[in-house]
Amino acid sequence: MRLASLFSGGKDSTYALYLAKKFDHQIVCLITMDSKNKDSYMFHTPIDKVDEIAKKMNLPLIKFSTAGEKEKELADLKRAIKAAIEKYQVEGIVTGAVASTYQASRIQKICNELDLYCFNPLWQKNQIELLNELVANHFRFKIIKVATDGLDDSWIGRVIDKESLPKLIELSKKYGFNPAFEGGEAETEIVYCPLFKDDSNN
Amino acid sequence: MILIINVSKDRLHDLEFIKPITDLLKKSKVIHYKDLKQKDLDSAEKIIIAGTSLKDDEYLKDLEKFSWIKDYKKPILGICAGMQILALANGSRLKKAKEIGQTEIKILKENKLIKDITKVYSLHQFSVTLPGGFDLLAESSKSIQAIKINNHYGVLFHPEVFNKEVIENFAKHI
């Protein structure tokens, strides 16, 4: 099936895209919403690196801007998805939604209105299992924003890989935050994944 | 062992509609309805018929593959598409009722499966008419949300998302 990835450049949307490809779907483009509201419940911010990541994956990127106002941002997302349908004949969307029913149900509604399939391959996934799978599949991601007790600023810029993951899980248990940051405890950016065409592992 | 019957057309949906259920169960086996054999039904202690995505309705074209349901003596839990299948196998009809996201429900009859639940996660375009002989256990403002006949239960909502205890109740108490 021809799928568009709702892409933030974070670990979840990238891993969801990876799984869709693994299950023989064709990713025809990435869709990124550039939200001016850094506290948006719908869209990940910041998205500074998506152009670079799209290039590394050799995938076209559709980037739409939104003020990030509640509900209006959904109309903006719908416009972006419509553009992907027109340009790339998209038949479905793949998202990195894990636990947010707020986010997932709104994307489901838009897909339903546009008669698209909606895939959420990380849905309800155990957070530690997700992190372990990412590392096992050679994903490396960097923390770019922290917003929880237990993660101080020294974590900003730190790459999560098989060396640093145990420490992150230990802190999440000690301070009671979600280690995969589903509640916005931190934001991440992919540094390397097997979908990058230049296999420099940088 | 609880047998989980997968009704999704696309394997990528297994991660979304099957894995969250298997994660809640100690011992389960998954089989697609197109591959289901009599020996699978015989060896199962209980059966869960899982849901699928909003746009996937292929299972509705294959309802004859579920004709075993009516005479099956062991417990069944149908979730979303699974509840539609359970009802249709018992002579019900589909009824347009789109509900996506958090939905309020009201429990109408005390039962061992769903207790003290007011909010559920919905993902469906159709509910069903109440099949003959079934008890209506719960409803929302738009649709029938839970039904039962003997040890066969159906819930239109997704307990693997919200109200995970429903699956635990089915595994332990039904």
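Given the structure is predicted, the values throughout are model-derived calculations rather than measurements.

## Details of helix H4 (residues 81–88) of chain B
Since the α-helix advances by 3.6 residues per turn, residues separated by three or four positions end up pointing in the same direction.
Residue and element names in this part refer to chain B.
Move 1: Most of H4 is tucked away, with eight of its eight residues classed as buried.
Move 2: Taken residue by residue, H4 has Ala81, Gly82, Met83, Gln84, Ile85, Leu86, Ala87 and Leu88 as its buried positions.
Move 3: On its buried face, H4 is in contact with strand S3 (46–49), strand S4 (76–79), strand S5 (94–104), strand S7 (119–128), strand S9 (144–149) and strand S10 (152–155).

## Things to note about the pairing of S3(B)
Residues and elements named next belong to chain B.
Move 1: Side-chain alternation along S3 places Lys46 and Ile48 on one buried face and Ile47 and Ile49 on a second face that is also buried.
Move 2: As paired elements, strand S1 (residues 2–6) and S3 share four bridges and run parallel to each other. Pairing of Ile4 across the sheet is with Ile48, part of S3.
Move 3: Sheet topology note: the S3/S4 ladder contains three bridges and is parallel. Bridge pairing in S4 links Ile48 to Leu77.

## A word on the packing of aromatic side chains
All names here are of chain A.
Move 1: Scanning all chains against the criterion turns up 10 aromatic pairs over all chains.
Move 2: Aromatic pair Tyr15 and Phe139: ring centres 5.3 Å apart, planes at 90°, arrangement edge-to-face. One end of the pair, Tyr15, is in helix H1 (residues 11–22); the other, Phe139, is in the loop between helix H5 (127–136) and strand S6 (140–146), and 124 residues separate them in sequence.
Move 3: Residue classification places Tyr15 among the buried positions, given a relative accessible area of 2%.
Move 4: Aromatic rings pair up to connect Tyr15, Tyr18 and Phe139 into one cluster.
Move 5: In this structure, Arg106 is placed above the aromatic ring of Tyr102, and the distance from its NZ or CZ to the ring centre is 3.7 Å.
Move 6: Taking the ring centre of Trp155 as reference, the NZ or CZ of Arg158 above it sits at 4.0 Å.

## Focus on the interface of chain B and chain A
Move 1: Taken together, the contact between chain B and chain A spans 25 residues of the former and 24 residues of the latter.
Move 2: Here chain B meets chain A over a buried area of about 2100 Å², counting both sides, of which 58% is carbon and sulfur.
Move 3: It is Leu12(B), Glu16(B) and Lys55(B) that lose the most area in chain B upon contact with chain A, and together they represent 31% of the buried surface on that side.
Move 4: On inspection of chain B and its partner chain A, the count reaches two salt bridges.
Move 5: A salt bridge links Lys19(B) to Glu129(A); the nearest nitrogen and oxygen atoms lie 3.0 Å apart.
Move 6: On the surface where chain B and chain A come into contact, there are nine residue pairs in polar contact (both at pLDDT 80 or more).

## Focus on the sheet that holds strand S2 (residues 28–32) of chain B
Move 1: In spatial order, the strands read S2-S1-S3-S4-S10-S9-S8-S6 (chain B); together these eight strands make up an open sheet with mixed pairing. Edge positions in the open sheet fall to S2 and strand S6 (106–107) of chain B, since each of these has one partner strand only.

## A look at the pattern of salt bridges
A side chain of one charge can pair with a side chain of the opposite charge if their charged atoms are brought near each other.
Move 1: Overall, the coordinates contain 17 salt bridges over all chains when judged by the stated rule.
Move 2: Close ionic contact of Lys125(A) with Glu133(A) constitutes a salt bridge, the shortest N to O distance being 2.8 Å.
Move 3: The exposure class assigned to Lys125(A) is buried, which follows from its relative accessible area of 9%.
Move 4: Shared partners join several salt bridges into a network, and the residues in it are Lys125(A), Glu129(A), Glu133(A), Lys19(B) and Asp23(B).

## Remarks on the domain arrangement of chain A
All names here are of chain A.
Move 1: Along its sequence, chain A is organised into domain 1 (2–119) and domain 2 (131–192).
Move 2: Here domain 1 and domain 2 have C-alpha centroids that lie 22 Å from each other.
Move 3: The interface of domain 1 with domain 2 comprises 17 residues on the first partner and 16 residues on the second.
Move 4: Counting each side, the surface lost to burial between domain 1 and domain 2 is near 1400 Å², with a carbon and sulfur contribution of 55%.
Move 5: The largest per-residue losses of area from domain 1 upon contact with domain 2 belong to Lys11, Tyr15 and His44, which jointly make up 44% of the total buried on that side.
Move 6: At the junction of domain 1 with domain 2, the criterion picks out six residue pairs in polar contact (both at pLDDT 80 or more).
Move 7: Contributing elements (two or more residues each) for the side of domain 1 that touches domain 2: H1 and helix H2 (50–57).
Move 8: No other element matches H1, which puts five residues into the side of domain 1 that touches domain 2.

## A closer look at the side chain of Asn111(B)
Residue and element names in this part refer to chain B.
Move 1: Assignment of secondary structure puts Asn111 in the loop between S6 and S7.
Move 2: For Asn111, the side chain forms a polar contact with the main-chain oxygen of Lys109, separated by 2.9 Å.
Move 3: Polar contacts involving the side chain of Asn111 include one to the main-chain amide nitrogen of Leu113, which spans 2.8 Å.
Move 4: In this structure Asn111 touches Leu137 and Tyr153, once residues within four positions along its chain are discounted.

## Here we look at the environment of Glu113(A)
Residue and element names in this part refer to chain A.
Move 1: Relative to the elements of secondary structure, Glu113 occurs in helix H4 (residues 101–113).
Move 2: Distance from Glu113 to Thr66, taken between C-alpha atoms, is 20 Å for residues 47 residues apart in sequence.
Move 3: Among the polar contacts listed, one links the side chain of Glu113 to the side chain of Lys78, at a separation of 2.8 Å.

## Some details on the pairing of strand S1 (residues 2–6) of chain A
All names here are of chain A.
Move 1: Of all five residues that make up S1, four are buried, and the element is covered over most of its length.
Move 2: Pairing between S1 and strand S2 (residues 26–35): five bridges, direction parallel. Bridge assignment links Ser5 to a residue of S2, and that residue is Leu30.
Move 3: Note that the unit made of S1, H1 and S2 has a crossover that is right-handed.

What counts as what
- Residues numbered from 1 in each chain as written.
- Chains lettered and ligands numbered in written order.
- Predicted model: local features only at pLDDT ≥ 70, side-chain atom pairs only at ≥ 80, totals over all residues.
- Heavy atoms only, no water.
- Buried < 20%, exposed > 50% of the residue type's maximum accessible area, 1.4 Å probe, protein only.
- Helix = DSSP H or I, 4+ residues; strand = E, 2+ residues; numbered from the N terminus.
- Contact = heavy atoms within 4.5 Å.
- Pairing = 2+ DSSP bridges.
- Phe/Tyr/Trp six-rings, centres within 6.5 Å; stacked < 30°, edge-to-face > 60°.
- Lys NZ or Arg CZ within 6 Å of the ring centre and 35° of its normal.
- Buried area = accessible area lost by both parts, 1.4 Å probe.
- Salt bridge = Lys/Arg side-chain N within 4 Å of Asp/Glu carboxyl O.
- Polar contact = N/O pair within 3.5 Å; in protein donor to acceptor, adjacent residues only side chain to side chain.
- Domains from an automatic or database assignment.
- Right-handed = clockwise from strand over helix to strand, strands pointing away.

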